[in-house]
Amino acid sequence: MTGAAATGGPRVGFLVTCLVDTFYPRVGMAAAAVLEHLGCRVVFPEGQTCCGQPFYTAGLPDEARALLLRLPDLFPEVDHVVSPSGSCASLIRLHARHLCTRGTEVEKRLLSLAERTWEFTAFLRDVLGVTPKSLGLSPEEKGEGEITYHYPCHLRGLLDAESARSTCLDWVQGARVALDRFDQCCGFGGVFSVESPEISQAMLEDKLGCLQRSGARTLVCNEGGCALQIGGGLNRAGRPVRIAHVAELIAERLGVAPERGE
Amino acid sequence: MARDSFRERAAAATHDKRLRAALYSATTGIDARRRKAWAELEDVEALREQAASIKDRVLGDLDRYLDQVTESLERVGARVHRARTREEATEIVVRIAREEGCRLAAKGKSMTTEEIDLNSALEAAGVEVVETDLGEYVIQLAGEKPSHITAPIVHKDLAAVSEIFEKRLGVPRTDDPRVLVEAAREALRDVYRRCDLGITGANFVVAESGSVVIVMNEGNGRFCTSLPPTHVVLAGIEKLVPTLEDLAVFLRLLARSATGQRITTDTLLLTGPRRVGDADGPRSLHVVFLDAGRSRILATDQSSILRCIRCGACLNVCPVYRSIGGHAYGTVYPGPVGKVLAPLLDPDGDLGALPRASTLCRACADVCPVKIDLPELLVSLRASTARLPWLRCQGLRAAALALRSPALYVWLQRAIRGRLRRRARNGWIDSAPWPLAPWTRAERDLRAPPSRSFRDLWREREGGKR
């Protein structure tokens, strides 16, 4: 099912998320390119804004619901919705049902869409069923040097930590090194990062300490929030570790990566 | 507690390197043992489901189970008391101590007695109280409060304990924990010989049999419940389980979750006071059931918090707890469970900052043996009693409204991008503008957005295709 020429593939609505849209556009382009390479027909409805996740976690369920309910009209004719962020995917897939309990038509459409909403890695694994092996990519020890994986918390409930780690690291080139407490939160937490900066920093310090001890040169980090947090800490400490979304690394291996911009 | 003091205490704790080292090493160690113990269970998920549903059954029909347990306890010769408030509970225990002429109480580890601050009340009434759990004994010698539900001195390293023993018991400084344990044992044996009152909590009370179940590791509870002539049990009303068969489900989960043991070295099932022919046991057994807000919690959306069996597993995996320790919370119950339980038990306590101080990482939900969805409860508290400050709330509401419009979204995106890019040097900001200023006050920079957004790039690409 590989090759951009395949036209019978699933129609995928791409939910880029506001963080990727604004801070990590290259991640979005890479994810879309990989999906297209794997035969998906990718559409990006420009009317999308925020899925509502920050409002849900801030204790503003009505606000979150209003934003969620925009989704069915944005993605009217797609087989799946795919997002490069587990955080947004989990809001839609796991939490929307708690917010949409009135049984209206648009709620029903949202909940149907929710069942077809995927985080990028989970979509590759569970829907497309592709692996590096199935694409004829051999494991490669060179490439990115020492590489490791951070498990973003909001994948919990979508893809468990061990599966997520092995799925992602299967795709990458480089010598895999273990990251202690790879499934411990980095301390981002959205509003938490500015409301409790001291605790957020302490959690970040632990993550950076584990990362330093791992000796990794590249950190696979598939969540915009975690990337802002860990990347921000690394930059302040002057430590040159590359943070990459697995979509970028896959795109690079497949030769469909967008140019590395700013 | 003073206003805003949670944040101050938490911030101070994060700067205490020794505290954080002790916390990390202890909590990660306990959790590693828990993982291993859980892995031994054939179907831990099914067991957790079963435990949750038993607790829900009890909580859904609590009055009936309370009547049943009262009948069972009285049948086996125990006296049952019901306390609606903390004050009533301390009054009941003090009255029992007075009536029985007690002067020295040997106390087993109990968070519920911490909740009602029983030691102070007894001491004010002239009853000396000695904690006999080793960790709690250290806490008492140090004049502190426990910082963890099951590991009260998790915040202390060996050197700190040795220092306390030197100061309070005259034991020369040592790095051999056995010396300290031996000193504590000597002191406590003397207490067991002299005490005339035993006080414990209960991990469970079995409704059908009237058995008080105490799960522990040091054998101290055995002395507290067998030597003194009077034994008082303080138990929250949510501690009931219907049958001994149900109890087995919890016993398989509790020790594994708390310490990674299959079962603790001592698991006592105490059914009534000393009977004719018994070699030991108290002449009188009193069981005090504490409400103190629990009935009220039962009527809220957060009632599932009452399933909690106080194993402490959620504390051990919580990255916030690992960073600040239990004392920073300023509540009897710290950690994820405390963030939900404390504001619910104490609605006037101005504890709204607690449910908000979480990244909702769900580590706690993954390890809760009774499947309490703690993050979901935190979110629901944030939507009710733990709201953000008014101004921030209104700001977020306005933002949510704006984000319903794609045009406003793009306008906001450009405005924020422009503002951040003007502050940036080499793509990074070391001093972020309001309202992100706290971001860069921590040891982290803020990435500046690239000049073009994803939607800009996508539009260019689509344009190029045409």
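Because the structure is predicted, anything quoted here is derived from the model rather than measured.

Quick notes on the rules
- Residues numbered from 1 in each chain as written.
- Chains lettered and ligands numbered in written order.
- Predicted model: local features only at pLDDT ≥ 70, side-chain atom pairs only at ≥ 80, totals over all residues.
- Helix = DSSP H or I, 4+ residues; strand = E, 2+ residues; numbered from the N terminus.
- Buried ≥ 20, exposed ≤ 12 C-beta atoms within 10 Å, placed from the backbone.
- Contact = placed C-beta atoms within 7 Å.
- Domains from an automatic or database assignment.
- Nonpolar A, V, L, I, M, F, W, Y, C, P; charged D, E, K, R; others polar.
- Pairing = 2+ DSSP bridges.
- Axes fitted to C-alpha atoms, helices over the stretch in contact; angles between N-to-C directions.
- Parallel < 35°, antiparallel > 145°, perpendicular 65-115°, else oblique.
- Left-handed = near helix turned anticlockwise from the far one by under 90°.
- Arc of directions from axis to C-beta.
- pLDDT = per-residue confidence, 0-100.
- Expected span 1.5 Å × (residues − 1).

**Comments concerning the overall build of chain A**
And then number 1: Broken down by element type, chain A carries 13 helices and eight strands.
And then number 2: In terms of principal-axis extent, the alpha carbons of chain A reach across some 50 × 50 × 30 Å.
And then number 3: The buried share among the 262 residues of chain A stands at 58%.
And then number 4: Put simply, 81% of the contacts in chain A that link residues at least 6 apart link residues at least 24 apart.

**Side note on the overall build of chain B**
And then number 1: Along chain B, the regular secondary structure elements total 23 helices and 12 strands.
And then number 2: A burial count over chain B gives 50% of its 466 residues as buried.
And then number 3: Sequence-distant contacts, at least 24 apart, represent 73% of the contacts inside chain B between residues at least 6 apart.

**As for the domain arrangement of chain A**
Residues and elements named next belong to chain A.
And then number 1: Per the domain assignment, the segments making up chain A are domain 1 (11–128) and domain 2 (146–254).
And then number 2: Put simply, the parts of the chain that give the side of domain 1 that touches domain 2 at least two residues each are α1 (18–23), α2 (25–37), α3 (53–57), α6 (86–99) and α8 (120–128).
And then number 3: In terms of residue count, the dominant contributor to the side of domain 1 that touches domain 2 is α2 (seven residues).
And then number 4: Its residues placed into classes, the side of domain 1 that touches domain 2 shows 16 nonpolar, eight polar and four charged.

**A look at the interface of chain A and chain B**
And then number 1: At the interface, 53 residues of chain A touch 54 residues of chain B.
And then number 2: When residues of the side of chain A that touches chain B are traced back to their parent elements, those giving at least two are α1, α2, α3, α4 (61–68), α10 (191–195), α11 (197–214) and α12 (224–237) of chain A.
And then number 3: Counted by class, the side of chain A that touches chain B contains 25 nonpolar, 19 polar and nine charged residues.

**Here we look at the sheet that holds strand β3 (residues 80–83) of chain A**
All names here are of chain A.
And then number 1: Within the open sheet, the four strands sit side by side as β2-β1-β3-β4. Their pairing is parallel. If you trace the sheet from one side to the other, it starts and ends with β2 (41–43) and β4 (117–119), each paired once. Taking the axes of each pair of neighbouring strands and ignoring which way they run, one obtains an average angle of 35° across the sheet.
And then number 2: Relative to β4, β3 runs parallel, the two being bridged by three bridges. Looking across to β4, one finds that V82 is bridged to W118.
And then number 3: Strands in contact with α2 are β1 (11–14), β2 and β3; relative to β2, the strand with the most contacts, it is inclined by about 150°.
And then number 4: The sheet contacts of α8 involve β3 and β4, and relative to β4 the element is tilted by about 110°.

**Observations concerning the pairing of strand β10 (residues 284–290) of chain B**
All names here are of chain B.
And then number 1: Among the seven residues of β10, six are classified as buried, and the element is accordingly described as predominantly covered.
And then number 2: The pairing of strand β1 (residues 79–83) with β10 spans five bridges and is classified as parallel. Bridge pairing in β10 links H81 to V288.
And then number 3: Sheet analysis places strand β7 (residues 230–236) next to β10, joined by seven bridges and oriented parallel. Following the sheet pairing, H231 is matched in β10 by L285.

**Digging into the domain arrangement of chain B**
And then number 1: You can read the domains of chain B as domain 1 (62–295) and domain 2 (404–465).
And then number 2: A straight line from the C-alpha centre of domain 1 of chain B to that of domain 2 of chain B covers 57 Å.

**Digging into the sheet that holds strand β5 (residues 204–206) of chain B**
Residues and elements named next belong to chain B.
And then number 1: Read from one edge of the open sheet, four strands run β8-β5-β6-β9, paired in mixed fashion. Bordering the open sheet on either side are β8 (240–241) and β9 (266–270), each of which pairs with just one other strand.
And then number 2: In terms of strand pairing, strand β6 (residues 211–216) meets β9 through five bridges, oriented antiparallel. What sits directly across from M216, in β9, is D266.

**Comments concerning the packing of α2(A) against helix α13 (residues 246–254) of chain A**
Residue and element names in this part refer to chain A.
And then number 1: Where α2 meets α13, the axes come as close as 8 Å, and the angle between the chain directions of the two elements is 50°. With respect to each other, α2 and α13 are oriented oblique. The interaxial crossing formed by α2 with α13 has left-handed handedness. Contacts between α2 and α13 involve R26, V27, A30, A31, A33, V34 and H37 from the former and A247, E248, I250, A251 and L254 from the latter.

**Topic: unusual backbone geometry**
Residue and element names in this part refer to chain B.
And then number 1: P435 follows W434 through a cis peptide bond whose omega is 0°.
And then number 2: Its identity as a non-glycine residue notwithstanding, L360 has a phi of 60°, on the positive side.
And then number 3: You can call L360 buried: it has 23 C-beta atoms within 10 Å.

**Focus: helix α1 (residues 5–14) of chain B**
And then number 1: Burial in α1(B) covers these residues: B:F6, B:A10, B:A13 and B:T14. In a view along the axis of α1(B), the buried residues occupy a sector of 100°, so they form one face of it.
And then number 2: Check the buried side of α1(B) and you find it contacts α11 of chain A together with α2 (17–40), α15 (319–324) and α17 (353–356) of chain B.

**A closer look at the confidence of the model for chain A**
And then number 1: When pLDDT is averaged along chain A, the result is 93; 95% of the residues meet or exceed 70.
And then number 2: Low pLDDT, under 50, characterises residues 1–6 of chain A; the stretch is placed with 12 contacts to residues that sit more than four places away or in other chains.

**Points about α11(A)**
All names here are of chain A.
And then number 1: Relative to the 26 Å expected for 18 residues at 1.5 Å per residue, α11 spans 25 Å between its end C-alpha atoms, a close match to the ideal helical length.
And then number 2: With 13 of 18 residues buried, α11 is to be regarded as a mostly interior element.
And then number 3: Looking one or two places after α11, you find G215, whose phi comes out positive at around 75°.

**Brief notes about the packing of α4(A) against α6(A)**
All names here are of chain A.
And then number 1: One way to put it is that α4 packs onto α6 with a least axis distance of 10 Å and a crossing angle of 120°. In this structure, α4 crosses over α6, and the sense of that crossing is left-handed. Contacts between α4 and α6 involve P61, A64, R65 and L68 on the former and, on the latter, I92, A96 and L99.
And then number 2: Taken together, the residues of the contact of α4 with α6 sort by class into six nonpolar, no polar and one charged.

**Some words on the environment of A:G8**
And then number 1: Summarising the element assignment, A:G8 is placed in the segment before β1.
And then number 2: Each C-alpha atom of the pair A:G8 and A:H80 lies 14 Å from the other, and the pair is 72 residues apart in sequence.

**Re the confidence of the model for chain B**
Fine structural detail should not be taken from predicted coordinates in areas where pLDDT scores are low.
And then number 1: When pLDDT is averaged along chain B, the result is 96, and 99% of the positions lie at 70 or above.
And then number 2: Interface confidence in the predicted complex, given as ipTM, is 0.95; pTM for the same model is 0.95.

**Here's the deal with the pairing of strand β5 (residues 146–150) of chain A**
Residues and elements named next belong to chain A.
And then number 1: In terms of residue burial, β5 counts as a mostly covered element, since four of its five residues are buried.
And then number 2: Relative to strand β6 (residues 175–176), β5 runs parallel, the two sharing two bridges. Its bridge partner being in β6, E146 is matched across the sheet by A175.
And then number 3: Judged from the four bridges that link them, β5 and strand β7 (residues 218–221) form a sheet pairing that is parallel. The residue bridging T148 from the neighbouring strand is L219, located in β7.

**Here's the deal with the environment of B:L378**
All names here are of chain B.
And then number 1: Assignment of secondary structure puts L378 in helix α19 (residues 374–382).
And then number 2: Each C-alpha atom, one on L378 and one on A279, is 49 Å from the other, the two residues being 99 residues apart in sequence.
And then number 3: Dropping the residues within four chain positions of it, L378 is found in contact with K339, V340, P355, S358 and L360.

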